[in-house]
Every structure is written in structure tokens, then in C-alpha cells.
Amino acid sequence: MTARRTVIAALLIIAAAAGIELAMGGHPICTCGTVDLWVGARDSPKTSQMLLDWYSLSHVVHGLLFYALLWLVARRAPVQWRFIAALVIECTWEVIENTPLVIDRYRATTAALGYSGDSVINSVSDIVTMCLGFLIARKLPVWASVVLIVVLELVPLVVIRDNLALNILMLVAPNDAVRAWQGG
């Protein structure tokens, strides 16, 4: 697969994910009517509605981890195919994450107070940040990717008391002590 075909396939996959979210009733942008580049507060009603927020860092981590996992299980496959596989996984997660079942689970078990799902523009941005993480992992030595993952997990842990690891833990096996700590 050529670079051009990979880009075209990627854009079609991202457009399909956005289309599915719109068909599911997702809001294209924040219902507040604005589009901001960054939202720095965890509990803001604009979190997961704008282009980037603290949770965008976890999507970069997704890309780093998907690169590593796909290298381990399919290293002989061309990198373009591994990229498309990572993209399909990320897009599938973004669609599933915005179903009522998962939205309700987030509300009940994670630090995402008042979470109402991602705006479509935020989902697309999350997908693009995963792509960025994948492409960064392709260029970095393994040790640098590991350091980057640690930094991208520690910074939001310190700033907003949440990160990818805690999000997964709280979705799969909610813990009252973690919930209390996250509540501040």
C-alpha cells in the first residue's frame, strides 16, 4: 500500500467513524456552540467537547501502544497495514465509547463527572492524536517511547488525578479508594 493510498484509506475510515457517531446522535461540536483548541479542566462541561483536553494525551499513548503491540504480533506486515489496523481499533473504540452503555459506565465508575460523550470533533481529534502517537513510535527508539508513555501517564495523573491506566482500571474494576482520591 502506497503512502497516498494509506492516507486516503485513513481519511475514509475516520470519516466513517465520524459519520457513525453523527448517526448515533452525537453532536458535531460542543452544544455550547464554540470550538476551542484546549480545555484544561477535568470537570469542565467542555471536556471531551473541544479539540484537545488532558485525555488527548491518553490517545497519544494508544498510538504508542498500538505500534508496539502490532509490531509484536505482525512485524512482517507493512507498517501501512499496521497503521490502518491501529486506526480501525481506535475508531472502533471511539464509536463504542460514545454509546449510551459506555457513557453511563463512565459516569458511574470513573472521574468523568457529568460525562455526556465526546463531540464528534473531539472524537476525530482523539483519533488523530492516536495516529500521531503511532507515527512518533515508528520514529523513536523503544526506550524513548517507554519514557514518553510514562510522562504522558504521569502528567495528567498529577494535574487532573486521571490517566489512561486509571480510566481502564475504573471502567473494568472500579475501586472506591481510587474514586475517593480522584475526587480530591
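Positions within a chain are numbered from 1, following the residues in the order the chain's sequence is written. Side-chain atom pairs in this predicted model are given and counted only at pLDDT of 80 or more, local residue features only at pLDDT of at least 70, and totals for whole chains, interfaces and linings cover all residues. Derived side-chain values reflect all non-hydrogen atoms in the structure, with water molecules and hydrogen atoms excluded from consideration.

1. Things to note about the packing of aromatic side chains
Working definition: an aromatic ring pair is given by the centre-to-centre distance plus the angle between the planes. Where we set the bar: By convention, a stacked pair of Phe, Tyr or Trp rings (six-membered ring in the case of Trp) has centres within 6.5 Å and planes under 30 degrees apart, an edge-to-face pair has planes over 60 apart, and any other such pair is tilted. Strands here are runs of E lasting at least two residues and helices are runs of H or I lasting at least four, both read from the DSSP assignment and numbered beginning at the N terminus.
Scanning the entire structure with this criterion turns up three aromatic pairs. Each ring, one from tryptophan 38 and one from tryptophan 54, has its centre 5.1 Å from the other, and the planes form 75°; the classification is edge-to-face. Of this pair, tryptophan 38 sits in strand β1 (residues 38–39) while tryptophan 54 sits in the loop between β2 (52–53) and α2 (56–74); the two residues are 16 residues apart in sequence, bridging distant segments of the chain. Taken together, a centroid distance of 5.4 Å and an interplanar angle of 70° make the contact between phenylalanine 83 and phenylalanine 134 edge-to-face. Placement of phenylalanine 83 in helix α3 (residues 79–97) and of phenylalanine 134 in helix α5 (residues 120–139) is noted, with a sequence separation of 51 residues between them.

2. Comments concerning helix α6 (residues 142–160)
Note: α-helices contain 3.6 residues per turn, so residues at a spacing of three or four share the same orientation. Note the threshold: Take the number of residues in a helix, subtract one, and multiply by 1.5 Å to get its expected span. Relative accessible area decides the class of each residue, using a 1.4 Å probe on protein chains only: under 20% of the type maximum gives buried, over 50% gives exposed, and in between gives partly exposed. When we speak of the arc, we mean the arc of directions from the helix axis to the C-beta atoms. Contact definition: two residues touch when any of their heavy atoms are within 4.5 Å.
With 19 residues, α6 extends 27 Å between its outermost C-alpha atoms, agreeing within 8% with the 27 Å of an ideal straight helix rising 1.5 Å per residue. Residues of α6 that are buried: Ala144, Ser145, Ile149, Leu152, Glu153, Pro156 and Ile160. Projected onto a plane normal to the axis of α6, the buried residues spread over an arc of 165° and lie on a single side. Looking at α6, the residues exposed on the side facing more than 90 degrees away from the buried face are Trp143 and Val158. Looking at the packing, one finds that the buried side of α6 touches α2, α5 and α7 (164–172).

3. A look at the environment of asparagine 98
Applicable threshold: Any N or O atom pair separated by 3.5 Å or less is treated as a polar contact, with the protein-specific requirement of one donor-capable and one acceptor-capable atom, and with residues adjacent in sequence counted only for side-chain atom pairs.
Summarising the element assignment, asparagine 98 is placed in the loop between α3 and α4 (100–109). Residue classification places asparagine 98 among the buried residues on the basis of a relative accessible area of 11%. A polar contact of 3.4 Å, which involves the side chain of asparagine 98, links it to the side chain of serine 123.

4. Here we look at the packing of α2 against α5
When two helices pack together, their arrangement is given by the angle between the helix axes and by the axis-to-axis distance. Keep this limit in mind: Whenever a helix is involved, its axis is fitted only over the stretch in contact; in every case the axis is a line through C-alpha atoms, and angles between N-to-C directions fall within 0 to 180 degrees. Note on terminology: angles under 35 degrees are roughly parallel, angles over 145 are roughly antiparallel, angles of 65 to 115 are roughly perpendicular, and the others are oblique. The hand of a helix crossing depends on one turn: near helix anticlockwise from the far one by less than a right angle means left-handed, and clockwise means right-handed. Polarity classes work like this: nonpolar for Ala, Val, Leu, Ile, Met, Phe, Trp, Tyr, Cys and Pro, charged for Asp, Glu, Lys and Arg, and polar for all others, with Gly in that last group.
Axis separation between α2 and α5 bottoms out at 7 Å; the angle between their running directions is 45°. When the axes of α2 and α5 are compared, the pair comes out oblique. Considering the relative orientation of α2 and α5, their crossing is right-handed. Contacts between α2 and α5 involve Ser56, His59, Val60, His62, Gly63, Leu64, Phe66, Tyr67 and Leu70 on the former and, on the latter, Asp126, Thr129, Met130, Gly133, Phe134, Ile136, Ala137 and Arg138. For the contact of α2 with α5, the residue count by class is nine nonpolar, six polar and two charged.

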